[in-house]
Amino acid sequence: MDVNIVLLARETKSYSMSVINSSRLLVLTITTTVVIVAVLAATINRGLPISKDDTESTGLVWEPPDTSQIPHTDEGLLIRYGRDLIVNTSWYLGPKGKVAKITNGMNCQNCHLDAGTRTWGNNYGGVFSTYPKYRERSGTIENIYKRVNDCIDRSLNGHIIDTSGREMQAMAAYINWVGQKIPKNVKPTGAGIRDLSFIDRPADPAKGQNVFIQKCQRCHGANGSGTLLFDSSGYLYPPLWGDNSYNTGAGLYRIGRFAGFVRDNMPFDAPHNSEPLTDEQAWDVAAFVNSQPRPQKDYGKDYPNIAGKPVDHPFGPFIDGFSEEQHKYGPFKAISLARKK
Ligand code: HEC
Ligand code: HEC
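Throughout this document, residue positions are counted from 1 along each chain, in the order its sequence is written. Think of it this way: whatever chain is written first is A, whatever ligand is written first is 1, and the rest follow in order. Only residues with pLDDT of at least 70 are given local features in this predicted model, and only at 80 or more are side-chain atom pairs given and counted; all residues enter the totals for whole chains, interfaces and linings.

Some words on the site of ligand 2
Close contacts around ligand 2 come from 25 residues, with Cys216, Cys219, Pro238, Pro267 and Phe268 the closest. Breaking the shell around ligand 2 down by element, the ones donating at least two residues are α5 (108-111), α10 (205-215), α11 (217-220) and α12 (255-265). Note on residue classes: Ala, Val, Leu, Ile, Met, Phe, Trp, Tyr, Cys and Pro are nonpolar, Asp, Glu, Lys and Arg are charged, and everything else, Gly too, is polar. Here the residues of the shell around ligand 2 sort into 18 nonpolar, 4 polar and 3 charged. Reported domain spans reflect what an automatic or database domain assignment gives. Split by domain, the shell around ligand 2 shows at least three residues from each of two domains, domain 2 (67-189) and domain 3 (205-340). Each residue receives a C-beta atom placed from its backbone. It is near a molecule or strand if this atom lies within 6 Å of it. Helix and strand assignments come from DSSP, with helices taken as H or I runs of at least 4 residues and strands as E runs of at least 2, each series counted from the N terminus.

Next up, the structure:
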């Protein structure tokens, strides 16, 4: 169905640009109806919005670019270096990094699958088209450098890098290249992480522990600390909690983001070798993992506009009267509805 939406969306555009006679008008009407129905169906699937700064999706569907098309020019060299930094971050910037020793040993790709190109795999498809943009978390207009440094600071629990240095320039060049074909201000369906529908009860860490034991532990380890590569230059299976994992200010520490990511992408060998998760399993395992110990940093300055906190941001104060506990585990529907009034 996804492929059809792309084709139909393109058709519609070319028709509207040519002179429309009556038979074309009929086709146009049918095509438009199909597109609208498809877009509506996709929208309903997405559930209630989790945060305000999620850009609205349009009918455009994300298609991963072919990295063999990166040009063989100086610019292309920079783009390739950026891709390599995203795939092998730890090699360059990890505890034994060749360029600097400033991050926790994880790679950007551990969370931005296929170097940030996989559909619903937290890809960079909507970055070039939507940045610079206002983000509630900082209360400022952020450019790509700021956003990348946010992930270095929080997800890689590291030290931010110089924006004019070759490493930042390379990562930004690559991220821009990934999304270069997406029109300005559009975030295609399939870019980033999917918003799961809320469940009617709080996400349950005890149930989540069972999911973890059955479906995650064989790779991520009984104590969630992952498995290092033989030369310790990075991880074969990245950690889910503990000293080398993302810190409490990271995006995955919000259980809606974690659940959305793992629902579509974990177990890593699904659907070939193992069953994908249900939505409920995804919410519960998110609650379990984000109840385990991990590095803490003080992000007391986040969300200067308190009303802009996503429903699953677990740190008060809140304007809506719900507890920190409910903002961490849910149920979120009540919070979301209360805010709409
Ligand atoms: C522990 C997981 C994790 C790691 C490691 C990580 N990120 Fe992220 N990143 C996220 C999450 C979660 C988001 C927020 C996605 C969302 O809210 O839709 C994000 C968002 C981003 C965005 C903005 C995407 C958008 O569409 O607005 C960029 C750019 C980004 N990361 C770059 C990087 C880079 C570069 C690295 C490595 C230096 C990195 N990230 C490492 C989890 C991670
Ligand atoms: C077959 C092995 C395997 C299984 C099973 C598996 N994972 Fe993963 N997981 C991986 C690999 C490999 C990566 C990194 C992907 C990459 O770098 O391309 C990853 C990455 C992740 C990440 C982002 C990086 C991080 O460490 O924070 C999360 C979160 C995650 N897995 C959660 C889960 C959960 C929850 C389960 C169980 C429902 C699970 N995984 C099951 C192999 C697995």
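Structural notes on the packing of α12 against helix α13 (residues 279-289)
Packed helices, taken two at a time, are described by the angle their axes make and the gap between the axes. All axes here are fitted lines through C-alpha atoms, helices being fitted over the stretch that makes contact, and every angle between N-to-C directions spans 0 to 180 degrees. At their nearest, the axes of α12 and α13 sit 8 Å apart, and the two run at 130° to each other. Relative to α13, α12 is oriented oblique. The chirality of how α12 crosses α13 is right-handed. Residues Ile255, Phe258, Ala259, Val262 and Arg263 of α12 pack against Asp279, Ala282, Trp283, Val285, Ala286, Ala287 and Val289 of α13. Between 65 and 115 degrees an angle is taken as roughly perpendicular, under 35 as roughly parallel, over 145 as roughly antiparallel, and anywhere else as oblique. Note: crossing handedness is left-handed where the near helix turns anticlockwise from the far helix by less than a right angle, and right-handed where it turns clockwise. A residue pair is marked as a contact if its C-beta atoms, positioned from the backbone, fall within 7 Å.

Structural notes on the site of ligand 1
Neighbouring ligand 1 are 27 residues; Cys108, Cys111, Cys151, Ser155 and Gly251 lie closest to it. Of all the secondary-structure elements, those providing two or more residues to the shell around ligand 1 are α5, α8 (144-153) and α9 (166-178). Take the shell around ligand 1: its biggest share by element is 5 residues, from α8. Considering only residue class, the shell around ligand 1 consists of 17 nonpolar, 8 polar and 2 charged. There are two domains that each give the shell around ligand 1 at least three residues, and those are domain 2 (67-189) and domain 3 (205-340).

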